[in-house]
Amino acid sequence: MNDLKELKKIESLADQCMKCGFCSFFCPVYQEERTETSVARGKNYLVRQVLKGNQEFTPELAEIIGKCLLCKRCAANCPAKTQIDRVVVAARAELVKQKGLGFAKNFIFRKVMANKKRMTAYVRFAQKFQWMLPKTEGKVRHVPDFIKSMGKRSFPEIAKKTLSEQVKSVYKPEGTPKMKVGFFMGCATDFVYPELGLKFINLLVKQGIEVVVPDTQNCCGAAIYFSGDFATGRMLADKNIQAFSDPSIEYVLTTCGTCSSTLKDYAKYLSDTPEQKQRYEAFAAKIKDSTEFIIDVLKIPPESFKLKKEFEGKTATWHDPCHLIRYQNIKDQPRAILKALKGLTYK
């Protein structure tokens, strides 16, 4: 007999749904498939049926629950404020408990991503063979057209040298530091955009901030626990909290919106005991996205931002990542930085 522990935690959230169908106007999956099970209302109904004992976790239900993108467009526009993301993630956790992860996810999540050294080794190995994928603009490579079974897929190019290989464990400014912060690299910044991490650290040091980059930090765990692997997610959460456990660290910063969201939300999704929830919430209070920290904490004046000559006279805009705007309500901060750059037109 399954106790449905994770689903029972969010039962009150599932009960909030008014079945109005307003979510159908915003769900990108529903816009493509046009079936009731594609939209939040349909998924929520099925989860409630599981809770009532009227529905089993069948392969069909697993496919339906697995299709949610967790973009939170439905939740952001829901009149009843139903947190369907939490309902879906809890359902995925129950599926993993009952049916397991499957070979591929079990290997990737628990054997590779859960171990930073092992993951780095696999990424380095993949980097040696990425020349086989045609290169397009910037750092994007795509699957060759003749491999039709995979469809049109693109992948970010892996950096020749990871951030982990370039970064120091401690960066000290001249004089007495204003504060001490920790820098959480995240997989994308570490393996794909190491220059972004180095430039952000350099900015912090110029602001008189001491920066520590613990080599014991791991993947934030977003892909893992959003897929329902709560056991590995909790293990990574505990490792990351331990990595930044120095009480003199005032903030933990990251340049990745998914990472900042995930680190802040350990308590919301993963807490299993009051003590665990308290520990996760204390850690979440220290997390800041890079733009959030620059604007809200440092309060750097607009005139201090300088534009590189190569971008003078150009026009730029800003794409709101789901994990920034809908998970963290971070919207104005990145725009404030872009608008402050004289010589750049923001639209």
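Please refer to the structure higher up on the page.
Quick notes on the rules
Residues numbered from 1 in each chain as written. Predicted model: local features only at pLDDT ≥ 70, side-chain atom pairs only at ≥ 80, totals over all residues. Heavy atoms only, no water. Phe/Tyr/Trp six-rings, centres within 6.5 Å; stacked < 30°, edge-to-face > 60°. Helix = DSSP H or I, 4+ residues; strand = E, 2+ residues; numbered from the N terminus. Buried < 20%, exposed > 50% of the residue type's maximum accessible area, 1.4 Å probe, protein only. Lys NZ or Arg CZ within 6 Å of the ring centre and 35° of its normal. Salt bridge = Lys/Arg side-chain N within 4 Å of Asp/Glu carboxyl O. Contact = heavy atoms within 4.5 Å. Expected span 1.5 Å × (residues − 1). Pairing = 2+ DSSP bridges. Axes fitted to C-alpha atoms, helices over the stretch in contact; angles between N-to-C directions. Parallel < 35°, antiparallel > 145°, perpendicular 65-115°, else oblique. Left-handed = near helix turned anticlockwise from the far one by under 90°.

What follows deals with the packing of aromatic side chains. Under the criterion given, the structure shown has 15 aromatic pairs. Where Tyr-225 meets Tyr-269, the ring centres are 5.6 Å apart and the plane angle is 40 degrees; that geometry is what we call tilted. Of this pair, Tyr-225 sits in helix α13 (residues 222-226) while Tyr-269 sits in helix α16 (residues 266-270); the two residues are 44 residues apart in sequence, bridging distant segments of the chain. Residue classification places Tyr-225 among the buried residues on the basis of a relative accessible area of 0%. The exposure class of Tyr-269 is buried, given its relative accessible area of 6%. Here the aromatic rings of Tyr-251 and Phe-293 are separated by 5.4 Å at their centres, their planes lie at 65 degrees, and the arrangement is edge-to-face. Of this pair, Tyr-251 sits in strand β6 (residues 251-254) while Phe-293 is found in helix α18 (residues 290-297), placing the two residues 42 residues apart along the sequence. Note on Phe-293: relative accessible area 0%, which makes it buried. Joined through ring pairs, the aromatic side chains of Tyr-225, Phe-226, Tyr-266, Tyr-269, Tyr-280, Phe-283 and Tyr-327 make up one cluster. Note that Lys-72 overlies the ring of Tyr-327, its terminal NZ or CZ placed 4.6 Å from the centroid.

Turning to the pattern of salt bridges, a few remarks are in order. Under the defined criterion, the tally for this structure stands at 22 salt bridges. Of the charged contacts in the structure, one is a salt bridge between Asp-190 and Lys-116, with a shortest N-O distance of 3.1 Å. Of this pair, Asp-190 sits in helix α11 (residues 187-191) while Lys-116 sits in helix α9 (residues 116-127), placing them 74 residues apart in sequence. Given the relative accessible area of 0%, Asp-190 is considered buried. Across the pair Lys-180 and Asp-246 runs a salt bridge whose closest N-O atoms are separated by 2.8 Å. A residue pair is termed long-range when its members are at least 10 positions apart, and Lys-180 in strand β4 (residues 179-183) and Asp-246 in the loop between α14 (230-243) and β6 qualify at 66 residues. Classification of Lys-180 as buried rests on a relative accessible area of 18%.

Before going further, it helps to examine the environment of Ser-164. Position of Ser-164 relative to the elements: it lies in helix α10 (residues 163-166). Here the alpha-carbon distance between Ser-164 and Val-50, two residues 114 residues apart in the chain, equals 44 Å. Setting aside chain neighbours within four positions, we find Ser-164 in contact with Lys-116, Met-185 and Asp-190.

Taking 1.5 Å of rise per residue, 13 residues should cover 18 Å, and helix α4 (residues 40-52) covers 18 Å from first to last C-alpha, within 8% of that figure. The element α4 is largely enclosed, with a buried count of 10 among its 13 residues. Contacts from the buried residues of α4 go to α1 (5-9), α2 (11-14), α5 (59-66), α6 (73-77) and α7 (84-99). Gly-53 sits one or two positions beyond α4 and adopts a positive phi of about 85 degrees.

A word on the environment of Glu-250. Assignment of secondary structure puts Glu-250 in the loop between α14 and β6. Classification of Glu-250 by relative accessible area gives partly exposed; the value is 42%. For Glu-250 and Val-29, which are 221 residues apart along the polypeptide, the C-alpha to C-alpha distance reads 40 Å. Those residues in contact with Glu-250 that lie beyond four places of it in its chain are Lys-178, Met-179, Lys-180 and Lys-286.

It is worth spelling out the sheet that holds strand β7 (residues 287-289) at this point. The strand order across the open sheet built from 5 strands is β3-β5-β4-β6-β7, with neighbouring strands paired in mixed fashion. Two strands in the sheet have a free side with no partner beyond their single neighbour: β3 (170-171) and β7. Two strands pair when backbone bridges link them, and β3 and strand β5 (residues 209-212) are joined in this way by 2 bridges, in the antiparallel orientation. Residue pairing in the sheet places Val-170 in a bridge with Val-212 of β5.

What describes two packed helices is the angle between their axes and the distance between those same axes. Running from N to C, α4 and α7 cross one another at 45 degrees; their axes reach a closest spacing of 10 Å. By the angle class used here, α4 and α7 are oblique. In this structure, the crossing between α4 and α7 has a hand that is left-handed. Across from Ala-40, Lys-43, Asn-44 and Val-47 in α4, the residues of α7 making contact are Ile-84, Val-87, Val-88 and Ala-91.

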